[in-house]
4 protein chains.
Amino acid sequence: MRYAYLGPAGTFTEQALLQRPEASAPDAERVPHGSVDSALAALRAGEVDAAVVPIENSVEGGVSATLDALATGDPLVVVAEMLVPITFVLAAPAGVTLADVRAVGTHSHAWAQVRGWMSTRLPEAAYVPTLSTAAAAAGLGGPTEDQTPYDAAVCAPVAATVHGLELLAGDIGDNRAAVTRFVLVSRPGSGPAPTGADKSTMVLYQHEDHPGGLLGLLEQFSVRGINLTRLESRPTGEGMGRYCFSIDIEGHVDDERVGEALMGLRRVCADVRFLGSYPRADRLAATVAAGTQDADFQHARSWLRSLRTP
Amino acid sequence: MRYAYLGPAGTFTEQALLQRPEASAPDAERVPHGSVDSALAALRAGEVDAAVVPIENSVEGGVSATLDALATGDPLVVVAEMLVPITFVLAAPAGVTLADVRAVGTHSHAWAQVRGWMSTRLPEAAYVPTLSTAAAAAGLGGPTEDQTPYDAAVCAPVAATVHGLELLAGDIGDNRAAVTRFVLVSRPGSGPAPTGADKSTMVLYQHEDHPGGLLGLLEQFSVRGINLTRLESRPTGEGMGRYCFSIDIEGHVDDERVGEALMGLRRVCADVRFLGSYPRADRLAATVAAGTQDADFQHARSWLRSLRTP
Amino acid sequence: MRYAYLGPAGTFTEQALLQRPEASAPDAERVPHGSVDSALAALRAGEVDAAVVPIENSVEGGVSATLDALATGDPLVVVAEMLVPITFVLAAPAGVTLADVRAVGTHSHAWAQVRGWMSTRLPEAAYVPTLSTAAAAAGLGGPTEDQTPYDAAVCAPVAATVHGLELLAGDIGDNRAAVTRFVLVSRPGSGPAPTGADKSTMVLYQHEDHPGGLLGLLEQFSVRGINLTRLESRPTGEGMGRYCFSIDIEGHVDDERVGEALMGLRRVCADVRFLGSYPRADRLAATVAAGTQDADFQHARSWLRSLRTP
Amino acid sequence: MRYAYLGPAGTFTEQALLQRPEASAPDAERVPHGSVDSALAALRAGEVDAAVVPIENSVEGGVSATLDALATGDPLVVVAEMLVPITFVLAAPAGVTLADVRAVGTHSHAWAQVRGWMSTRLPEAAYVPTLSTAAAAAGLGGPTEDQTPYDAAVCAPVAATVHGLELLAGDIGDNRAAVTRFVLVSRPGSGPAPTGADKSTMVLYQHEDHPGGLLGLLEQFSVRGINLTRLESRPTGEGMGRYCFSIDIEGHVDDERVGEALMGLRRVCADVRFLGSYPRADRLAATVAAGTQDADFQHARSWLRSLRTP
């Protein structure tokens, strides 16, 4: 089995991948990619069997690159989710002290999460954007380090270790409870079976100029007693104010209530892109409202049949 | 075929029955009953094949006796509806003039519909309740007429003719557009097929102490784009403030949207009593919202199947 | 003070009136009327100061005559409600036994509530409608009793006593828990102050051909956290399928949430007829949802003011 | 008047600022800032009178840095919005040809919008992130150009001109209709008056664990006939799945319907942060549903007053 992930080695994404036992198996191969797009393209092309990408951060919100890459192109489905606590460190080559730091390199999302610490401890430091937090560390850990336009990197602890850097400060994130949610994505096929503690992900496209549209979509869930756990609006690219909705719900496509809600959405939406059902990382059982158990649906179906053919 | 109806001969109910061609067939027998309960009991007992009873008047509202009798007891279903314009006349035996009228006999519903005319033209007349408008006419047309405690009857034109009365005044209803809706009821069996212009009738019982309950029930219809044409609350008899809802909707139980709504109600209600699907008397095609045609449901079902077993 | 009520003496309505201490005061005058219309007309004409009429029965449902009389004509408001347990007896002149009873007189609503007992114990008895249960008793208690076309009356215990009848059977109602709700009505003026356990009554008229109309009206309540305790549809008389809604809600017109809901209804309805706020007979405090206390509204209003004029 | 903006000179943000006539006045000073945070901090500190920042892109979606910076810290309000069509060019120092380009510098949002062109025309080019598109151009236009780790920049046409670069390709955006929406922000004070074609912006924070929460918030708008034009969820930072909602609606805080909706939200939300009312850039008049004009509210208020003190 080959797994693409948002690399390089040492990213939080690699940590997420390593949470999957099958990805640590002797015959498993882990292939770092430079971007979410690249990792998912490799999956679509059949070069790998699955890919791990970040989808949501508890501080920064949805990862647009992932949301957009899943919403377009050949179909892919989420088969698992992984939560990784995010811990940032400030790392530099041996010999550099905090007082020496004039510029700091890191990914823009990471920079956003250490703004508070930086404004207090390094208010004069310039910010240099990099492609990833691991790339920031890598820039200081190689032979061309003296050409790197920054003196220290904000990165994951593992990246500092990998690239032989020393810690100037540990756990510098403004929000100590920051967590990033990653998803394991594969090509469509038989997905994971229901566990009773599942989520489903989808993207909903409305018909144009549909007043009160989002309310109508949410009612398709509420009337079947389904809770949402994430809702992001993403532009469709067709013009200002034209959005689709990327949504996670409690429940599995094989659950009766989820199936009926999906059919309802399919009927009233311009398009519904189903992105998979998978076990929740936190193992919290879904809330199932009165009258929305599978047995309730089956009983109602039998009853309807008896009405139609008495 | 034997048909029970709310008699005696000469009632508006008989007129409704005679709208049905099959009820005028040579071998058809029309059996008058003294009450709605009695007519429906005869149907339940198998003594007749169908029964015609009034269900709703455009001035007086729902006919409680019918609503309650259909809502309880052995199941019955509506298989047709008939609309009868309601015209009231004031009739009396030959020789009686308007000036002679001291008391007027009629059914309380009829009295309510001629109150305006009476308060202007016969303000001093006493009101004597009778079991039906036809019974009021019959009381003046038989041999014991001089013991009848009223001098004139408010009844249908046909009842005046049947009982040999003369008209003191014609069309005395306060609302000239008054219409009563009657239903042809039979025992459950293969009901009329969908015509595209159908109604369905049902009674919904909520679980006890269900806040916002009616709103939740109406959402089961609205989310599937179904219009209501009648909603009556009726006490369940279990205590003040305990109601069930007698409802007519546009559409047929064989319509996908109606079937799914019925299943939804079945899941969330304490009980749903289905009372039949039948062609609308006015032949108005049902309004079908975007995404709620049968084909939309079938397409959505195929799509869901493809998600579940890719 | 003069009080009109639906008479004659001995009706359940008189019992309701006597629950009001002020109506038993030495200077209080109680004026029986032959119909709800007549009692309310006397009130509108200024002949009496208040009127008591039945509005809802736990078995038979809304009292159409009262609902319709309050919904039209000069404005009147409900200022109190009274609950009266309904107990029916079968009464007859001395010497009459159950075996002698060929015909029974009573009001049609009462007849409906003793059908079960009658079908078991007097299955052969004919039914003779009367204007009220008390009138049925009166017909047997006077000098013309031998011309009365029935042998026994179904009435309230007090009516049997008043008219000197003897009981053939006591408590013959099919539903032993039957209760009728009466209202004390007066001309508009300063109504009762809020008590925290109040109801308000109103009639809502929709604009013509308003799809999903009732749902929209109910949302005006639900969005302000207001519970309904009664909803009746009543025809407007303008044609089949044209209804208004007679509604009781928890809360007082002086409550902020009720005031805003009433304004919302006034904006979206063709007409709103407010019929008063008054203490609940059962003294149950209103359920007040989070964020809908008066203080919440006042705080929100101050906040809005600060936004508008910073 | 001093205006902060997201610089450096040559950004699309500067173009947005220059759409405001007052910002081109002789005494107006335009102060470029390196980040949205910095521009808004200068405004909060009183160093400038207003600031222009991007808030939404028709391709990339909401600008998180702006949404988050407005949602926290001392209150600021939007007083105007500006739309700028986004045109990207590929620019390089004189002498560089397309074939010479090994690496391309630009802001990550711009990179996302030219991915299609790049994968077709420069599939081998590496991507180097920069702080802004203008910074990418600046890096190639100064004396240290030979140390810049890329050969060409993706930037606005004006930035290429400002920094003396030549165009290798023009209009290379994948979506030719791309538009970015900018807002002019100031400290709270008397904002722009209603024009009939206004928007209002706000951030809504729900109480914790509020099932069906978003639906309830949207109903506060729908019941007053208010359309949403943008809805973004943003993490509150308190944990995975904890979101607030950044919302634009049609209408002005001085509109009655908007005022009542805001009060409703204030009552049911944990917090509502109002971010201003301002004329729409496209001058489209707000849709005002039946019954939600200011006059409707005023009429309803008078009517309620008459009910409360007859």
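Residues numbered from 1 in each chain as written. Chains lettered and ligands numbered in written order. Predicted model: local features only at pLDDT ≥ 70, side-chain atom pairs only at ≥ 80, totals over all residues. Heavy atoms only, no water.

- Under the annotation held in an unreviewed UniProt entry, chain A carries the name Prephenate dehydratase and is attributed to Arsenicicoccus bolidensis.
- On record in UniProt, under Catalytic activity (unreviewed entry), the comment for chain A is "prephenate + H(+) = 3-phenylpyruvate + CO2 + H2O".
- Recorded in UniProt for chain A, the comment headed Pathway (unreviewed entry) runs: "Amino-acid biosynthesis; L-phenylalanine biosynthesis; phenylpyruvate from prephenate: step 1/1." (UniProt positions renumbered as here; feature names shortened; annotations may be inferred.)

**What to know about the interface of chain D and chain C**
Logical step 1: The interface is formed by 29 residues belonging to chain D together with 30 residues belonging to chain C.
Logical step 2: A combined buried area of about 2,700 Å² lies between chain D and chain C, and 65% of that area is made up of carbon and sulfur atoms.
Logical step 3: One can count six salt bridges joining chain D with chain C.
Logical step 4: With its nearest N and O atoms 2.6 Å apart, the salt bridge here joins Glu-260 of chain D to Arg-224 of chain C.
Logical step 5: If you list the elements that add at least two residues to the side of chain D that touches chain C, you get helix H8 (213-222), helix H9 (256-268), strand E15 (271-279) and helix H10 (294-308) of chain D.
Logical step 6: In terms of residues, the side of chain D that touches chain C owes the most to one element, H10 of chain D, which gives nine residues.
Logical step 7: Partitioned by chemical class, the residues of the side of chain D that touches chain C number 12 nonpolar, six polar and 11 charged. (Contact = heavy atoms within 4.5 Å. Buried area = accessible area lost by both parts, 1.4 Å probe. Salt bridge = Lys/Arg side-chain N within 4 Å of Asp/Glu carboxyl O. Helix = DSSP H or I, 4+ residues; strand = E, 2+ residues; numbered from the N terminus. Nonpolar A, V, L, I, M, F, W, Y, C, P; charged D, E, K, R; others polar.)

**Here's the deal with the arrangement of the chains**
Logical step 1: Across all C-alpha pairs, the smallest distance from chain A to chain C is 13 Å, and the two are not in contact.
Logical step 2: Of all C-alpha pairs spanning chain B and chain D, none lies closer than 13 Å, and the two are not in contact.

**Focus: the relation of the copies chain D and chain A**
For these two chain copies, the linking operation is a rotation about an axis paired with a shift along it.
Logical step 1: Between chain D and chain A, which share one sequence, the superposing operator has a rotation angle of 180 degrees and an axial displacement of 0.1 Å; the RMSD is 0.1 Å. A rotation of that kind, with that shift, is consistent with a two-fold axis.
Logical step 2: Here 100% of the contact residues of chain D are again contact residues in chain A; the copies associate through an equivalent surface. (Least-squares fit on C-alpha atoms with pLDDT ≥ 70 in both.)

**Here's the deal with the relation of the copies chain D and chain C**
Logical step 1: With an RMSD of 0.1 Å, the fit of chain D onto chain C corresponds to turning through 180 degrees and sliding 0.0 Å along the axis.
Logical step 2: The share of interface residues of chain D whose copies in chain C are also at the interface is 100%, consistent with both copies meeting through the same surface.

**Points about the packing of helix H10 (residues 294-308) of chain A against helix H9 (residues 256-268) of chain B**
Logical step 1: It is at 9 Å that the axes of H10 of chain A and H9 of chain B come closest, and there the two elements cross at 130 degrees. Classified by the angle their axes make, H10 of chain A and H9 of chain B are oblique. The two elements H10 of chain A and H9 of chain B meet at a crossing, and its hand is right-handed. Packed against H10 of chain A, whose contacting residues are Asp-296, Phe-297, His-299, Ala-300, Arg-301, Trp-303, Leu-304, Leu-307 and Arg-308 of chain A, the element H9 of chain B presents Glu-256, Gly-259, Leu-262, Met-263, Arg-266 and Arg-267 of chain B at the interface.
Logical step 2: Within the contact of H10 of chain A with H9 of chain B, the residues separate by chemical class into seven nonpolar, two polar and six charged. (Axes fitted to C-alpha atoms, helices over the stretch in contact; angles between N-to-C directions. Parallel < 35°, antiparallel > 145°, perpendicular 65-115°, else oblique. Left-handed = near helix turned anticlockwise from the far one by under 90°.)

**Some words on helix H9 (residues 256-268) of chain C**
All names here are of chain C.
Logical step 1: With 13 residues, H9 should reach 18 Å at 1.5 Å per residue; the first-to-last C-alpha distance of 19 Å fits that figure.
Logical step 2: Within H9, 12 of the 13 residues are buried, leaving the element largely enclosed by the surrounding structure.
Logical step 3: Within H9, burial applies to Glu-256, Arg-257, Val-258, Gly-259, Glu-260, Ala-261, Leu-262, Met-263, Gly-264, Leu-265, Arg-266 and Arg-267. (Expected span 1.5 Å × (residues − 1). Buried < 20%, exposed > 50% of the residue type's maximum accessible area, 1.4 Å probe, protein only.)

**Here we look at the packing of aromatic side chains**
All names here are of chain C.
Logical step 1: Applying the stated criterion across every chain, the model contains eight aromatic pairs over all chains.
Logical step 2: Seen from their ring centres, Phe-12 and Phe-88 are 5.7 Å apart, and the 85 degrees between their planes marks the pair as edge-to-face. Of this pair, Phe-12 sits in helix H1 (residues 12-18) while Phe-88 sits in the loop between strand E5 (77-85) and strand E6 (89-92); the two residues are 76 residues apart in sequence, bridging distant segments of the chain. Each member of the pair, Phe-12 as well as Phe-88, is classed as buried. (Phe/Tyr/Trp six-rings, centres within 6.5 Å; stacked < 30°, edge-to-face > 60°.)

**Here's the deal with the side chain of Glu-60 of chain D**
Logical step 1: Here Glu-60 of chain D is to be found in the loop between strand E3 (50-57) and strand E4 (61-62).
Logical step 2: No salt bridge is formed by the buried Glu-60 of chain D, whose closest oppositely charged neighbour, Arg-115 of chain D, lies at an N-O distance of 4.6 Å.
Logical step 3: Not counting chain neighbours up to four residues away, the residues in contact with Glu-60 of chain D comprise Arg-234 and Pro-235 of chain A together with His-109, Ala-112 and Gln-113 of chain D. (Lys, Arg positive; Asp, Glu negative; His and termini not counted.)

**So, the interface of chain D and chain A**
Logical step 1: At the interface, 35 residues of chain D touch 35 residues of chain A.
Logical step 2: Around 2,900 Å² of area is buried between chain D and chain A when both sides are counted, 56% of it from carbon and sulfur atoms.
Logical step 3: Inspection of the chain D/chain A interface yields two salt bridges.
Logical step 4: Across the pair Asp-37 of chain A and Arg-115 of chain D runs a salt bridge, and its minimum N-O distance is 2.8 Å.
Logical step 5: Of all the secondary structure elements, the ones that give two or more residues to the side of chain D that touches chain A are E3, strand E8 (126-129), strand E11 (179-186), H8 and strand E13 (228-235) of chain D.
Logical step 6: Sort the elements by how many residues they give to the side of chain D that touches chain A and E13 of chain D lands first, with seven residues.
Logical step 7: Grouping the amino acids of the side of chain D that touches chain A by side-chain chemistry returns 13 nonpolar, 12 polar and 10 charged.

**Describing the environment of Leu-43 of chain D**
All names here are of chain D.
Logical step 1: Along the polypeptide, Leu-43 turns up in helix H2 (residues 36-44).
Logical step 2: In the structure, Leu-43 is positioned 224 residues away from Arg-267 in sequence and 30 Å away in space, judged by C-alpha atoms.
Logical step 3: Other than its neighbours up to four places away in sequence, Leu-43 contacts Val-48, Asp-49, Ala-50, Ala-51, Leu-76, Val-185, Ser-186 and Arg-187.

**Topic: the sheet that holds strand E15 (residues 271-279) of chain B**
All names here are of chain B.
Logical step 1: Taken together, the four strands give an open sheet; going across it, the order is E13-E14-E12-E15, and neighbouring strands pair in antiparallel fashion. At either end of the open sheet lies a strand with only one pairing partner, and these are strand E13 (228-235) and E15. Averaged over neighbouring strand pairs, the angle between their axes works out to 15 degrees when direction is ignored.
Logical step 2: Taken together, the seven bridges between strand E12 (residues 198-205) and E15 define a ladder with antiparallel strand orientation. In the strand pairing of E15, Lys-199 is matched with Tyr-278.
Logical step 3: Relative to the sheet, helix H3 (residues 64-71) contacts E12, E13, strand E14 (243-250) and E15, its axis offset from that of E13 by approximately 85 degrees. (Pairing = 2+ DSSP bridges.)

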